[in-house]
Amino acid sequence: MIRGAVTRLIVLAEIGALAAAGVVSGCGGPEQKTAQEERPAAAAGDTVALYDGSRAAFHLAGANAGGPAERTVAFGEAGKGWIPVAGDWDGDGFDTVGAYSPKEGTFRLTNSATGGEATITFAFGSRNKGWLPVAGDWDGDGTDTVGLYNPNSSRFYLTNRHKGPADIQLGFGGTKAEWIPLAGDWDGDGKDTIGLFDLGSSKFVLGNRLEPGKAEVQFQFGSRKNRWTPITGDWDGDGEDSVGLYDPDRGRFSLTNRLAGGKAQMRFTLKVTGRDLIPLSGKWQQQ
């Protein structure tokens, strides 16, 4: 799922004129080490990954703990400004990777755990509009599909098929904040819905219905003065997604199993070399 999977803000700036990311101190501080970072645990749910667009390489973690990536998957073309996504495109219970080209308005997705050529390619949305991709299971059929978010109108366009046009369109959140789009199953009902993260306030705004209106869940996680990149996933495997933040300067993740503010339950560094790395998450098939 994505989950995000949203881009690091340097990449977002190229397509949406968003601000650069920084460091969040409200999740416990970058210098503290935790038991989770020192002692890897088996992955009950989703784990994180980092995408290096300069090499078209996805570095996948085997557990949400410190250390190197378990494996690297090559997919797509390097240096093209593609934005990564992840999802269970074929309903086999495991997530695989994909990418969205904002220049072309095209998604490329693979069902292979080892990357290679795209299994699914389709145009969706408009070219060169600065729209941002999301991915999720909008209808609860066990298969993830994709969507786009228009920052100028704060409007989501979601499809239940691997093609367009959109099956669902809705406005959410307004246009007065520096929103980054999110997706996840916040209430554990088997369907993914949407959300937003405001860079200026470090606030998550999440909806449990694919309908316009007020968010059911709102909370601040991390520091308002420092701007980390949001990420979402089901870290503990309980069937409900929660959130996290990624510090691109330290390569450090801070994840929580609660849809609430406070300290992170997991803090760790995924040791990956590269510039402008983009975080995402999924339930990766182990090799």
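Numbering of residues starts from 1 in each chain and follows the order in which that chain's sequence is written. In keeping with the predicted nature of the model, local features appear solely for residues at pLDDT of at least 70, side-chain atom pairs appear and are counted solely at 80 or more, and the whole-chain, interface and lining totals rest on all residues. Side-chain figures throughout are based on the complete set of non-hydrogen atoms in the structure, without hydrogens or water.

Would you mind going over the overall build of the protein chain with me for this structure?
Going along the chain from the N terminus, every DSSP run of H or I of four or more residues is numbered as a helix, and every run of E of two or more is numbered as a strand. Per the secondary structure count, the protein chain includes 2 helices and 21 strands. Contacts are residue-level and defined by heavy atoms, with any inter-residue pair within 4.5 Å sufficient. The contacts in the protein chain between residues at least 6 apart in sequence include a share of 54% that link residues at least 24 apart. Each accessible area value is a Shrake-Rupley result obtained with a 1.4 Å probe; residue values ignore everything except the protein chains displayed when judging cover. Of the roughly 11300 Å² of accessible surface on the protein chain, a fraction of 45% belongs to carbon and sulfur atoms.

Just to check I follow, could you spell out the packing of aromatic side chains for this structure?
Any pair of aromatic rings gets described here by the distance separating the centres and the angle formed by the planes. Only Phe, Tyr and Trp rings are paired, with Trp represented by its six-membered ring, and only when their centres lie within 6.5 Å; those with planes under 30 degrees apart are stacked, over 60 edge-to-face, the remainder tilted. For the structure on display, the rule yields 10 aromatic pairs. Ring centres of phenylalanine 197 and phenylalanine 204 lie 4.6 Å apart, and the angle between their planes is 50°; this geometry places the pair in the tilted category. For each residue, the accessible area found with a 1.4 Å probe, counting protein chains only, is set against the maximum for its type, and the residue is called buried under 20%, exposed over 50%, and partly exposed in between. What makes phenylalanine 197 buried here is its relative accessible area of 1%. Among the aromatic residues, ring-to-ring pairing joins Tyr100, Phe107, Phe122 and Phe124 into one connected group.

How should the pairing of strand β9 (residues 132-136) be read in this particular structure?
Walk down a regular strand and you will see the side chains alternate between the two sheet faces. Burial analysis of β9 places 5 of its 5 residues in the buried class, the great majority of the element. In this scheme, strands are said to pair when DSSP sees at least two bridges between them. Note: β9 against strand β10 (residues 145-150), 5 bridges, orientation antiparallel. In the strand pairing of β10, leucine 132 is matched with tyrosine 149.

Sorry if this is basic, but what is going on with the confidence of the model for the protein chain here?
Predicted coordinates in areas of low pLDDT are best not read in detail. Across the chain, each position has a pLDDT score giving the predictor's confidence in that residue, from 0 to 100. Mean pLDDT over the protein chain stands at 87; residues scoring 70 or higher make up 85%. Taken together, the stretch residues 4-42 has pLDDT below 50 and engages in 98 contacts with residues farther than four places along the chain or on a different chain.

Mind showing me how you'd approach the sheet that holds strand β6 (residues 96-101) here?
Strand pairing within a sheet occurs via backbone hydrogen bonds; the two strands may be parallel or antiparallel. Reading across from one edge, β5-β6-β7-β8 is the order of the 4 strands in this open sheet, with antiparallel pairing throughout. The sheet is open, and its two borders are formed by β5 (83-87) and β8 (120-123), each paired with just one other strand. Strand-to-strand, the axes of this sheet are offset by a mean angle of 20°, without reference to chain direction. Two strands pair when backbone bridges link them, and β5 and β6 are joined in this way by 5 bridges, in the antiparallel orientation. What sits directly across from proline 84, in β6, is alanine 99. Fitted lines through C-alpha atoms give the axes, limited to the stretch in contact for helices. The angle between two N-to-C directions lies from 0 to 180 degrees.

Looking at this structure, I do not really get the sheet that holds strand β18 (residues 242-247). What am I missing?
Pairing in this open sheet of 5 strands is mixed, and the strands run β3-β20-β19-β18-β17 from one edge to the other. With one partner strand each, in any of the chains shown, β3 (67-68) and β17 (229-233) form the two edges of the open sheet. Strand direction decides the pairing type here: β18 and strand β19 (residues 252-255), joined by 4 bridges, are antiparallel. Bridge pairing in β19 links aspartate 247 to arginine 252.

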